Amino acid sequence: MIMKNSMLKRTMYTLLAAATTASTFGGTLLATGTSVFADFEAGNFNITNGVYNHSPNGGASIRVNGNTDQPLEQKTFTLYKIFDAENAAHNESINYTFVPEYEQAVKNVVAQYINSNGGFGDVTAPVDASQITEYIAIDYIQSLNEHYVEGAQADQELNSSYSTFRYFIEDLRDEIKRLGVGGANYTVQSAASDNSITIGGLDYGYYLLDETSTKGAADGDDGTTAPDWFASALCMVDTANPNAEVNIKSDYPSIIKKIQEDDLDLNSQEVASANGWNDIGDYEIGQTVPYKYESTICNMNGFDSYYYAMHDQMDSELTFDGKSSVKITINAPDGRTWSVPQDEFNVSVRGENQTSNAALDTEDTFMIEIPNIKTLIDQNIQAPAISSRQGEYDYTGYSVTTEYTATLNDTAALDTGRPGFENDVRLEFSNDFDTEGLGETGYTPWDTVVCFTFKINGLKVNDHDNALEGAKFRLYSDAECKNEVYVKLAANNEDPGVSTLNFDNNDIDHVTPPTGDEENFDGEKVSVGDQGYIVINRDSLGGDDHTGGTAPAEAVEMTSDADGNFTIYGLDQGTYWLKEVDAPDGYRQLLDPIQITITPTYDSSRNDYIEGEGATDKTLVQLKATAHVKAFYEGETVENDTDLTTDVADGSASIKIVNEVGAKLPVTGSNQMLILLGAGVALMGGAVLVSRRKKTANN
């Protein structure tokens, strides 16, 4: 069972033979002399600029090379000298002798291995540690070598990560710690420019180097300890004379996240990544938002199983589209690919499937988990075997592409413009070789992308600037007005099951959505104007962005209120056509739609987004909007282009839509004629009245 969120063991042990060639100084062979190791075995030392030297008399050194893009800074190591080493005069032979501090640990582990294997040479099992002599110990360790060579300077090939020797060294390291024997502790304050460190001034000997880096603060480096993404390493064997040089195997994967922007080349802004993949995008409410992880495969040799899980944290304005939207592809460096079947990975979503929610971290919205990616690669895409080391494969250049989608939901209407809606990912991976990958795990740093949405504030007036109520509008994505951009009322105050959104307050900041009541996100009642409308992108209707799909039952025409206002929430960048379909009573309808173009300007470094920058002018730099209006009055067609007033903070563009006041049609005759006609009518009426009174009197 994989253990999560626990202190990382960070064990990296390198068995080093800093055994040496014969080195002369002044014509005299450099002797090993008395051990200088005793002077620093219990000390704590800082490595600065990649170097620490113990003694000018020590002729050996150990150089550790870090992996590319994986700094050695803040890593810590403990060094143990297991054997003294002495070379023959002409380097044709090398001899090892016990270092007293570690003699008992070596004897204990050698005896354990001899007994478990039923004996060794003339040594019959069972054998007690006290019976293990120096010769027996050295000969037994040499018998574990997969690549036997003679002499002090002969090249020594690496032993396999799955060799008995590897497990022997792990057990020796554990026994040293169990006995409480100390060593020299090193903290890397700064590495050399080539990301290496060198421990110099050592006596010739056989050294065990154990990485003891510990987990840092909850989300990374606290300045004194290694961050979460430090991984442990396998033991390595390297004999050099007079120096040992090893490449660290504490390898860990990396992950980056991308969002796909579908609007290219607006305002001459080309999306920095191919096919629109970058760190910044903008969308309509209801639109499908594509996301992608690009992650690497590290050196998994030494693990029987390798855990690989992608933890995703998205803002509440984004809704994960579920496991069916997830596609995982493993890529080989030679161009081969393999699509991972859905039954080979798990997806845990917060609030769903409570059994697997145990795997979710506190921050997670959902998690995509591959329990053993090593086996998937070994069996299905087959990394090339390393011929000299049994069971090892070359994973160089292998990578994983994970794609999924989310939907920008209605609550995004509360945060048009800045700060945008963020989505983060980090990768959890195996980093404990001692348990063959079934133990503790590490994390990469979070990587973040952001998306935005916008709104239009409409104001309907006449040419005397008086507000007009009752004008009706529809929104379209094409000039011919065939593809309607459907909208719905922003909220339904009569339905307590519908979340109430405060669209009257432009100062609302990033918030958490309600859970089915009529309280706002701060726990207070909020009001909703009747003239707030939310876009329904056709992705949510079975269509494709602005085409296809089924017209939703909740779609409505937009109507200006008593103050002439209406607002459209959740718009993408691009061009829309706003058509007046019914003018207020007494006014002439605008026959041609108004063309509105929304153009945001983003930071030119669209692949370098940093969490939180969506709330600043670093990412969404400015917002521009224009309107092209065509009207027919007094027998003439009038067209004009206008720069709309915008507010980049709330992502709004404001437009005033004008209806001309109409004049009465002309009449014939004169005012005097009207007076005479009126007088005649009055006289006729009087005569009729007198006649009726006379008849009444006679009766």
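A quick note: this is a predicted structure, and the numbers were derived from the prediction, not measured.

S.K.: Give a description of the overall build of the chain that names residues and reports values.
M.R.: The number of helices and strands found in the chain is five helices and 43 strands. Put simply, the chain has 699 residues, and 51% of those count as buried. Considering only contacts in the chain between residues 6 or more positions apart, those separated by 24 or more positions represent 75%. Total accessible area on the chain stands at roughly 32,000 Å², and carbon and sulfur atoms take up 47% of it.

S.K.: Explain the packing of helix α1 (residues 100-116) against helix α3 (residues 164-178) to me, using residue names and the numbers behind them.
M.R.: One can describe the packing of α1 onto α3 by two numbers: an axis separation of 9 Å at closest approach and a directional angle of 135°. The pairing of α1 with α3 is recorded here as oblique in orientation. α3 is crossed by α1, and the crossing has right-handed handedness. Along the contact surface, α1 presents Tyr102, Ala105, Val106, Asn108, Val109, Val110, Gln112 and Tyr113, while α3 presents Thr164, Tyr167, Phe168, Asp171, Leu172, Glu175, Ile176 and Arg178. Looking at the contact of α1 with α3, its residues break down into 10 nonpolar, three polar and three charged.

S.K.: Please provide a residue-by-residue account of the sheet that holds strand β5 (residues 51-53), values included.
M.R.: Across a sheet, strands are paired by hydrogen bonds formed along the backbone, either parallel or antiparallel in direction. Pairing is mixed across the open sheet formed by four strands, whose spatial order is β5-β12-β6-β15. The open sheet terminates on both sides in strands that have one partner only, identified here as β5 and β15 (243-247). The mean inter-strand angle of the sheet, taken between neighbouring strand axes irrespective of direction, is 10°. Note that strand β6 (residues 60-65) and strand β12 (residues 196-202) share five bridges and pair antiparallel.

S.K.: A description of the environment of Ile373 should follow, citing residues and the corresponding values.
M.R.: Tracing the chain through its elements places Ile373 in helix α4 (residues 373-381). Judged by relative accessible area, Ile373 falls into the buried class, the value being 0%. Residues Ile373 and Tyr308 lie 65 residues apart in sequence; the distance between their C-alpha atoms is 6.4 Å. Beyond its immediate sequence surroundings of up to four residues, Ile373 is in contact with Ile297, Met300, Tyr306, Tyr308, Ile330 and Val400.

S.K.: Can you lay out the sheet that holds strand β32 (residues 487-489) for me, pointing to particular residues and giving the numbers?
M.R.: If you trace the six strands from one edge of the open sheet to the other, you get β32-β33-β37-β30-β43-β42, paired in mixed fashion. A strand with exactly one partner marks an edge of an open sheet, and here the two such strands are β32 and β42 (645-647). Between one strand axis and the next, the sheet turns through 25° on average, direction left out of account. Strand direction decides the pairing type here: strand β33 (residues 532-535) and strand β37 (residues 565-571), joined by three bridges, are parallel. Considered in β37, the bridge of Tyr533 is made with Ile568.

S.K.: So what's going on with the packing of aromatic side chains? Which residues, and what values?
M.R.: Here the structure, examined in full by the defined rule, presents 21 aromatic pairs. With a centroid separation of 5.7 Å and an interplanar angle of 35°, the aromatic rings of Phe45 and Tyr186 are classed as tilted. Highlighted residues: Phe45 in strand β4 (residues 44-47) and Tyr186 in strand β11 (residues 184-188), separated in sequence by 141 residues. An identical accessibility class is assigned to Phe45 and Tyr186; each is buried. Ring plane angle 20° and centroid distance 5.3 Å describe the contact between Tyr291 and Tyr404, whose orientation is recorded as stacked. Here Tyr291 is found in strand β19 (residues 288-296), whereas its partner Tyr404 is found in strand β26 (residues 399-408), with 113 residues between them in sequence. Taking relative accessible area as the criterion, Tyr291 reaches 1% and is therefore assigned buried. Residue Tyr404 is classed as buried on the basis of its relative accessible area, which comes to 1%. Members of the aromatic cluster, each reached through a chain of ring pairs, are Tyr291, Tyr293, Phe320, Phe366 and Tyr404.

S.K.: Give a description of the pairing of strand β27 (residues 421-430) that names residues and reports values.
M.R.: Of all 10 residues in β27, 10 are buried, a share of seventy percent or more. Two elements, strand β20 (residues 308-314) and β27, share seven bridges in a ladder whose sense is antiparallel. Residue pairing across strands places Met310 opposite Leu427, the latter belonging to β27. Two strands pair when backbone bridges link them, and β27 and strand β29 (residues 447-452) are joined in this way by five bridges, in the antiparallel orientation. When the sheet's bridge partners are listed, Val425 is paired in β29 with Asp447. Two strands pair when backbone bridges link them, and β27 and strand β28 (residues 441-443) are joined in this way by three bridges, in the antiparallel orientation. Residue Phe429 lies in a different strand from β28, and its bridge partner there is Gly442.

S.K.: Break down the side chain of Lys257 for me, with residues and values.
M.R.: For Lys257, the location among the structural elements is in strand β16 (residues 255-260). Classification of Lys257 by relative accessible area gives buried; the value is 0%. There is a polar contact of 2.8 Å between the side chain of Lys257 and the side chain of Tyr404. If we skip the residues at most four places from it in the chain, Lys257 touches Asp279, Tyr291, Lys292, Tyr293, Asp312, Tyr404, Asn423, Asp424, Val425, Asp447 and Val449.

S.K.: An account of the pairing of β4 is needed here, citing residue identities and associated values.
M.R.: Alternating residues of β4 divide into Phe45 and Ile47, all buried, and Asn44 and Asn46, none buried. Alignment of β4 against β11, held across four bridges, turns out to be parallel. Paired with Ile47 across the strands is Val188, a residue of β11.

S.K.: So what's going on with the packing of α1 against helix α2 (residues 134-143)? Which residues, and what values?
M.R.: The N-to-C vectors of α1 and α2 enclose an angle of 60°; their axes lie 10 Å apart at closest approach. As summarised for this structure, α1 and α2 are arranged oblique, according to the angle between their axes. Remark: the crossing between α1 and α2 carries left-handed chirality. The residues of α2 that touch α1, namely those facing Val106, Val110, Tyr113 and Ile114, are Ile136, Ala137, Tyr140 and Ile141. In terms of residue class, the contact of α1 with α2 is made up of eight nonpolar, no polar and no charged.

About the cut-offs
- By convention here, each chain's residues receive numbers from 1 onward along its written sequence.
- Local features in this predicted model are restricted to residues of pLDDT 70 or higher, and side-chain atom pairs are both shown and tallied only at a pLDDT of 80 or more, whereas totals for entire chains, interfaces and linings draw on every residue.
- The side-chain numbers reported here are obtained from all heavy atoms of the structure, hydrogens and water having been left aside.
- For the purposes of this entry, the term helix denotes a DSSP run of H or I that reaches at least four residues, the term strand denotes a run of E that reaches at least two, and both are numbered from the N terminus.
- Relative accessibility decides the category of a residue: with a 1.4 Å probe and only protein chains considered, values under 20% of the type maximum give buried, values over 50% give exposed, and everything between is partly exposed.
- The contact criterion used is simple: two residues touch if any of their non-hydrogen atoms lie within 4.5 Å.
- Shrake-Rupley sampling with a 1.4 Å probe provides the accessible areas, and residues are treated as covered by the protein chains on show and by no other component.
- To obtain an axis, a line is fitted to C-alpha atoms, over the contacting stretch when the element is a helix, and the angle between two such axes runs from 0 to 180 degrees between their N-to-C directions.
- For classification purposes, angles smaller than 35 degrees are called roughly parallel, those larger than 145 roughly antiparallel, those between 65 and 115 roughly perpendicular, and all remaining angles oblique.
- Crossing chirality is assigned from the near helix's rotation relative to the far helix, an anticlockwise turn below a right angle marking it left-handed and a clockwise turn marking it right-handed.
- When residues are sorted by character, Ala, Val, Leu, Ile, Met, Phe, Trp, Tyr, Cys and Pro go into the nonpolar class, Asp, Glu, Lys and Arg into the charged class, and all the rest, Gly among them, into the polar class.
- Following DSSP output, two strands are said to pair if at least two bridges run between them.
- Working definition: rings of Phe, Tyr and Trp (its six-membered ring) pair if their centres are within 6.5 Å, and the pair is stacked with planes under 30 degrees apart, edge-to-face with planes over 60 apart, and tilted otherwise.
- Whenever two N or O atoms come within 3.5 Å, that pair is a polar contact, provided that in protein one can donate a hydrogen and the other can accept it, and provided that, for residues adjacent in sequence, both atoms are side-chain atoms.

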